Amino acid sequence: MPLRMLATMKILLVDDHVLIRQATRALIEQLMPRADIVEAASREQTLQRLREPPLPGWVLMDLGLPDNRDLALFHLLRRECPEARVAILSAQEDPDLARAAMDAGAAGFIPKSSQAEQLESALRVMLSGGSYLPPMLARPPSGQDLLQALTPRQRDVLGCLRQGHGNKDIARILGLSEPTVKTHLAAVFRALRVRNRVEAVVLLQKAD
């Protein structure tokens, strides 16, 4: 359903920078003109807004408030407004902090350095019920994650490769033709995001 067709929702904007609040408010009003938008510039003001019914259905908050530390206010909002979706707007472009917020139930994590188009895209995703984490803050897949994506036969080929076997030996051990071994190796290198045998073996060692 288009955002403009959604029922009126109370949205709480929490940021100590008035220009950030004004710009974000203007964008949300474009996306959801029927929304009831309220603002807070501190932890104390946020608590005051929570005492003014109804509770917000959606919260966009800055973590860098003078009277807040890391995710403290976020966790409080999650307790006081369990039905609300809470998203982070942060000047800290920290992948670990972003992942911690997402793991704790945040609807999204938006760096303040985002361009207006990126912010609008993120808000559209989150206000429509989705979650948003910018690619620049996404955690890269681990070696174990990449290995899990291999097929059983590709793992067999990789195991032989790790033991130092050449293509002829791998073909003999696994009962394959050499061209098939080469095809499997090419697929393995792509899946593991490596360029050659040495990098593949190094990745395996790191994943152990």
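Higher on the page you've got the structure.
From a predicted model like this one, the values you see are computed outputs, not experimental measurements.

Novice: Please provide a residue-by-residue account of the pattern of salt bridges, values included.
Specialist: Enumeration according to the criterion identifies 11 salt bridges in this entry. The partner of Glu29 in a salt bridge is Arg25, and the shortest N-O contact between them spans 3.1 Å. One end of the pair, Glu29, and the other, Arg25, are both in helix 1 (residues 18–31), four residues apart, so they sit about a helical turn from each other. Glu29 sits in the partly exposed class, given a relative accessible area of 38%. Taking the shortest distance from any N to any O, the salt bridge between Arg25 and Glu39 comes out at 2.9 Å. In this pair, Arg25 is assigned in helix 1 and Glu39 in strand 2 (residues 36–40), connecting sequence segments 14 residues apart. The network of salt bridges with shared partners includes Arg21, Arg25, Glu29 and Glu39.

Novice: Lay out unusual backbone geometry in plain terms, naming residues and giving numbers.
Specialist: In this chain, Pro53 is followed by Pro54 through a cis amide linkage whose omega measures 0°. Relative to the assigned elements, Pro54 resides in the loop between helix 2 (43–50) and strand 3 (58–62). Backbone geometry places Arg193, a non-glycine residue, at a positive phi of 60°. Looking at the secondary structure, you find Arg193 in the loop between helix 9 (178–192) and helix 10 (197–207).

Novice: Explain the pairing of strand 2 to me, using residue names and the numbers behind them.
Specialist: Looking along a regular strand, one sees side chains alternate from face to face of the sheet. The pairing of strand 1 (residues 10–14) with strand 2 spans five bridges and is classified as parallel. Bridge pairing links Leu12 to Val38 in strand 2. Tracing the backbone out of strand 1, into helix 1 and back to the parallel element strand 2 gives a crossover that is right-handed.

Novice: Residues and numbers for the side chain of Asn68, please.
Specialist: Inspection of the secondary structure assignment puts Asn68 in the loop between strand 3 and helix 3 (72–80). Separated by 2.8 Å, the side chain of Asn68 and the backbone nitrogen of Leu73 make a polar contact.

Novice: Describe the nonpolar core, with residues and values.
Specialist: The nonpolar side chains of a soluble globular protein tend to be buried, and buried together. Ranked by internal contacts, the top residues of the largest apolar core, which has 24 residues, are Val14, Met61 and Ile88. For this core, the secondary structure elements donating two or more residues are strand 1, strand 2, strand 3, helix 3, strand 4 (85–90) and helix 4 (95–103).

Novice: Residue-level account of the packing of helix 8 (residues 167–174) against helix 9, with values.
Specialist: Helix-helix packing is described using two parameters, namely the angle between the two axes and the distance between the axes. Packing of helix 8 against helix 9 leaves a shortest axis separation of 9 Å and a crossing angle of 105°. One finds that helix 8 runs roughly perpendicular with respect to helix 9. Of the residues in helix 9, those touching helix 8 at Asn167, Lys168, Ile170 and Ala171 are Glu178, Val181, Lys182 and Leu185. Here the contact of helix 8 with helix 9 is built from residues that sort into four nonpolar, one polar and three charged.

Novice: Outline the environment of Glu178, listing residues and values.
Specialist: By secondary structure assignment, the location of Glu178 is in helix 9. Between the C-alpha atoms of Glu178 and Lys168, which are 10 residues apart in sequence, the distance is 6.2 Å. Glu178 has contacts with Asn167, Lys168 and Ala171, leaving out every residue within four places of it along the chain.

Novice: Could you give an account of the side chain of Asn167, with specific residues and numbers?
Specialist: Examined against the element boundaries, Asn167 turns out to sit in helix 8. Judged by its relative accessible area of 16%, Asn167 falls in the buried class. Apart from residues lying up to four places away in sequence, Asn167 is in contact with Glu178, Val181, Lys182, Leu185 and Arg197.

The rules behind the values
Residues numbered from 1 in each chain as written. Predicted model: local features only at pLDDT ≥ 70, side-chain atom pairs only at ≥ 80, totals over all residues. Heavy atoms only, no water. Salt bridge = Lys/Arg side-chain N within 4 Å of Asp/Glu carboxyl O. Helix = DSSP H or I, 4+ residues; strand = E, 2+ residues; numbered from the N terminus. Buried < 20%, exposed > 50% of the residue type's maximum accessible area, 1.4 Å probe, protein only. Pairing = 2+ DSSP bridges. Right-handed = clockwise from strand over helix to strand, strands pointing away. Polar contact = N/O pair within 3.5 Å; in protein donor to acceptor, adjacent residues only side chain to side chain. Core = buried A, V, L, I, M, F, W, Y, C linked by side-chain atoms within 4.5 Å. Axes fitted to C-alpha atoms, helices over the stretch in contact; angles between N-to-C directions. Parallel < 35°, antiparallel > 145°, perpendicular 65-115°, else oblique. Contact = heavy atoms within 4.5 Å. Nonpolar A, V, L, I, M, F, W, Y, C, P; charged D, E, K, R; others polar.

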